[in-house]
Amino acid sequence: MIVSIDVDAQKTFTPLCPDELPVNEGHLIVEELNAQAALADLRVMTKDAHHAAAKWLVDNPVDMLKPTGLPDADLTWVAHAMVGTRGYELLDGLPSAKEYDYCVWKGVDPELHPYGACFHDIEEKLSTGLIEWLRCQNTDTVIVGGLATDYCVKTTVLQLLKGGNWQVIVNEAACRGIAPETIETAWQEMHSAGAMILKNAKEIKKYINNQ
């Protein structure tokens, strides 16, 4: 069973929402996400879903990425993906939530700011059910793309690699990241942990067909 995962493919992480966390070219990944999903049997959606009372919030971008001292929200961030806002929405051209086979909403609790899709908390004690669901589907291959490479994509991939015996493929063309140095480190970490990094959905299709 092949499962495709769209990690946080939301407007908040694109130039469409310049006052939130705009990732360069973040809005350009839809075609690749749809192409990788066409190779899969099932499709998963994850979304940041934040609360206005979140304890990690700061007003000024210069105050971002500073330690909070909180156990499950390690860094400060400006408001992004607040439920009900435009930034919370999925990118145009993706399915609606009900059209996905499984959905994960992350960071609803004001105390929590997780990055990975498999756990609600940074300590990885509160499962979102994604790993268990993948096991129930007899998953053997997971294809991952989304936003941003150096945070939620990376953490999701690392969690998936620890969570099951499936192969994890990351679609490079379906990802965009925040900063060049952390993007490069993220690719290295994912590769070192056992993820297969392929350039695009065409390369993934060739790989799958040759198995």
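Residues numbered from 1 in each chain as written. Predicted model: local features only at pLDDT ≥ 70, side-chain atom pairs only at ≥ 80, totals over all residues. Heavy atoms only, no water.

- Per an unreviewed UniProt entry, the protein chain goes by nicotinamidase and derives from Neisseria macacae ATCC 33926.
- Here is the UniProt Sequence similarities (unreviewed entry) comment for the protein chain, exactly as written: "Belongs to the isochorismatase family."
- The record in UniProt for the protein chain states the following under Pathway (unreviewed entry): "Cofactor biosynthesis; nicotinate biosynthesis; nicotinate from nicotinamide: step 1/1." (UniProt positions renumbered as here; feature names shortened; annotations may be inferred.)

**Looking at the packing of aromatic side chains**
Argument step 1. Counted under the stated rule, the structure contains 4 aromatic pairs.
Argument step 2. Relative to Y115, the ring of W77 has its centre 6.4 Å away and its plane inclined at 65°; by these criteria the two rings are edge-to-face. Separated by 38 residues along the polypeptide, W77 in the loop between β4 (73-75) and β5 (102-106) and Y115 in the loop between β5 and α2 (130-136) bring together distant segments of the chain.
Argument step 3. With relative accessibility at 4%, the residue W77 sits in the buried group.
Argument step 4. Here the aromatic rings of W77 and Y151 are separated by 5.3 Å at their centres, their planes lie at 85°, and the arrangement is edge-to-face. Taken together, the residues span a long stretch of sequence, with W77 in the loop between β4 and β5 and Y151 in helix α3 (residues 149-163) at a distance of 74 residues. (Phe/Tyr/Trp six-rings, centres within 6.5 Å; stacked < 30°, edge-to-face > 60°. Helix = DSSP H or I, 4+ residues; strand = E, 2+ residues; numbered from the N terminus. Buried < 20%, exposed > 50% of the residue type's maximum accessible area, 1.4 Å probe, protein only.)

**Some details on the UniProt feature "domain: Isochorismatase-like" (unreviewed entry) in the protein chain**
Argument step 1. Residues given the UniProt feature "domain: Isochorismatase-like" (unreviewed entry) here are residues 118-199.
Argument step 2. Helix makes up 44% of residues 118-199 and strand 24%, and the two end C-alpha atoms of the span are 24 Å apart.

**Quick word on the side chain of E20**
Argument step 1. Here E20 shows up in the loop between β1 (2-7) and α1 (30-37).
Argument step 2. In terms of polar contacts, E20 uses its side chain to reach the side chain of T12, at 2.4 Å.
Argument step 3. Once residues lying within four places of it in the same chain are set aside, the contact partners of E20 are T12, V78, A79, H80, A81 and G87. (Polar contact = N/O pair within 3.5 Å; in protein donor to acceptor, adjacent residues only side chain to side chain. Contact = heavy atoms within 4.5 Å.)

**Regarding the sheet that holds strand β6 (residues 141-147)**
Argument step 1. Here we have 6 strands laid out as an open sheet, ordered β5-β2-β1-β6-β7-β8, and parallel in their pairing. With partners counted over all chains shown, the strands left at the sheet margins are β5 and β8 (196-198), one partner each. Averaged over all neighbouring strand pairs, the angle between strand axes comes to 20°, with direction disregarded.
Argument step 2. Here strand β7 (residues 167-176) pairs with β8 via 3 bridges, running parallel. Bridge pairing in β8 links V170 to I197.
Argument step 3. On top of the sheet, helix α5 (residues 201-209) reaches β1, β6, β7 and β8; it is set at about 160° to β7, its chief contact. (Pairing = 2+ DSSP bridges. Axes fitted to C-alpha atoms, helices over the stretch in contact; angles between N-to-C directions.)

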